[in-house]
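Descriptive structure summary
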Amino acid sequence: TNTPPSGVNFLDEFTNGIDGWEARRTHSGTSYDINHRNDSDGGRQGQLEVIVNNDEGLVIVSPLVAAKAPPYNIEFYAKLKEPEDLDTYGLAFGGDWNGGACAAPFTPNCFNRYYELRVQFREFSGQRFQEIHLRRINGHNGSGQPDSTTLINWKKGGNIGSDDWVEIDVNVTASGNIRISWNGKFIAEVQDTTLISQPYFGLMMITNGDNNGRVKYDYIKID
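So, a few notes on the structure that sits alongside this text. Keep in mind it's a predicted model, so treat the numbers as computed, not measured.

Calculation criteria
- Residues numbered from 1 in each chain as written.
- Predicted model: local features only at pLDDT ≥ 70, side-chain atom pairs only at ≥ 80, totals over all residues.
- Heavy atoms only, no water.
- Helix = DSSP H or I, 4+ residues; strand = E, 2+ residues; numbered from the N terminus.
- Rg over C-alpha atoms; globule rule 2.2 N^0.38 Å.
- Buried < 20%, exposed > 50% of the residue type's maximum accessible area, 1.4 Å probe, protein only.
- Contact = heavy atoms within 4.5 Å.
- Areas by Shrake-Rupley, 256 points an atom, 1.4 Å probe, with all protein chains shown as cover.
- Lys, Arg positive; Asp, Glu negative; His and termini not counted.
- Charge placed at Lys NZ, Arg CZ, Asp CG, Glu CD.
- Pairing = 2+ DSSP bridges.
- Salt bridge = Lys/Arg side-chain N within 4 Å of Asp/Glu carboxyl O.

Now for the overall build of the chain. A tally of regular secondary structure across the chain gives zero helices and 15 strands. A compact globule built from 223 residues would reach a C-alpha radius of gyration of about 17 Å, and the chain, at 16 Å, matches this within 12%. Along the three orthogonal principal directions, the C-alpha set of the chain runs to about 45 × 35 × 35 Å. Residue burial in the chain is summarised as follows: out of 223 residues, 54% are buried. Once local pairs closer than 6 in sequence are excluded, the contacts in the chain between residues at least 24 apart make up 68%. As presented, the chain carries roughly 9000 Å² of accessible surface, and 42% of it is formed by carbon and sulfur atoms. Each charge sign in the chain was given a centre, from 20 positive and 29 negative side chains, and these centres are 4 Å apart.

The following block contains the structure:
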């Protein structure tokens, strides 16, 4: 099994591969690709690349490794490639898995309920920035569309170039305080204990207003 006991720190730098990272959940009709990149990008060598090939698509990729129990901090480094307005990447955490087969498109065995942190690229009127949104996914319908509760509505992270890496931090306390930071800057926090003890996590790519999107993840660390 690839599931360590609760309380073990996790780090994947994707330097030599992406073993264990597979698509676990998608929306109906989503076309996607998951790749390992060996090339250097902005001085960073080795990445997990997630591509969505159609409009209104979503894919969550996960190694199905159990993160430690709260308190914990999740840190990851990501870059949208050739970003267009509304391209979105992000994090699923506090996810469930019953030990059964867990493969996209919309399995009943994993990531039925989880927290979804979206980091969305905006470009209009000469501005480029990213904004943050956190919601709790309470379940899905037969097409994989979620029933959700918004916990943090859209808040600006900061201005960004079209080829910049970004660091995202999610700090979760044992009492259920979820605190989000973007490139080292505190953005928002919320109190919610509903799912914080569920240990499974993943990374995402989402398209909203265009035909495709691509994100590269340099690492993810949970400690």
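That was the structure; now back to the text.
Before going further, it helps to examine the pairing of strand 9 (residues 127-140). Counting buried residues along strand 9, ten of its 14 residues qualify, which places the element largely inside the surrounding structure. Sheet analysis places strand 8 (residues 114-124) next to strand 9, joined by eleven bridges and oriented antiparallel. If you follow Phe121 over to strand 9, its bridge partner there is Gln130. The hairpin turn running from strand 8 into strand 9, its antiparallel successor, is two residues long, and Ser125 in that turn takes a positive phi close to 50°. With ten bridges joining them, strand 9 and strand 10 (residues 146-159) adopt antiparallel strand pairing. Counterpart to His140 in the pairing with strand 10 is Pro146.

Moving on to the environment of Phe111. Relative to the elements of secondary structure, Phe111 occurs in the loop between strand 7 (88-95) and strand 8. With a relative accessible area of 0%, Phe111 lands in the buried category. Spatially, the C-alpha atom of Phe111 lies 8.8 Å from that of Gly94, the residues being 17 residues apart in sequence. Excluding residues that lie within four positions of it along the chain, Phe111 makes contacts with Arg24, Arg25, Ser62, Leu64, Ala92, Gly95, Asp96, His140, Tyr200, Phe201 and Gly202.

A few words now on the pattern of salt bridges. Counted according to the given criterion, the structure contains 19 salt bridges. We note a salt bridge from Lys216 to Asp41, for which the minimum N-O separation is 2.9 Å. Taken as a pair, Lys216 in strand 15 (residues 213-222) and Asp41 in strand 3 (residues 32-41) lie far apart in primary sequence, 175 residues in all. On the accessibility criterion, Asp41 (7% relative accessible area) is buried. Of the charged contacts, one joins Arg214 and Glu82 as a salt bridge, the two residues approaching to 2.8 Å between their closest N and O atoms. Taken as a pair, Arg214 in strand 15 and Glu82 in the loop between strand 6 (72-81) and strand 7 lie far apart in primary sequence, 132 residues in all. Overall, the relative accessible area of 53% leaves Glu82 in the exposed class. Because the salt bridges share partners, they merge into one network encompassing Arg37, Asp39, Asp41, Glu49, Lys79, Lys81, Glu82, Asp163, Arg214 and Lys216.

It is worth spelling out the pairing of strand 4 (residues 44-52) at this point. Counting buried residues in strand 4 gives seven out of nine residues, a clear majority hidden from the surface. In terms of strand pairing, strand 3 meets strand 4 through eight bridges, oriented antiparallel. By the bridge assignment for strand 4, Asp33 is matched with Ile51. The turn joining strand 3 and strand 4, which pair antiparallel and follow one another in sequence, is formed by two residues; a positive phi near 65° is taken by Gly42.

Note that every value here comes from positions in space, so none of it alone points to a role or purpose.
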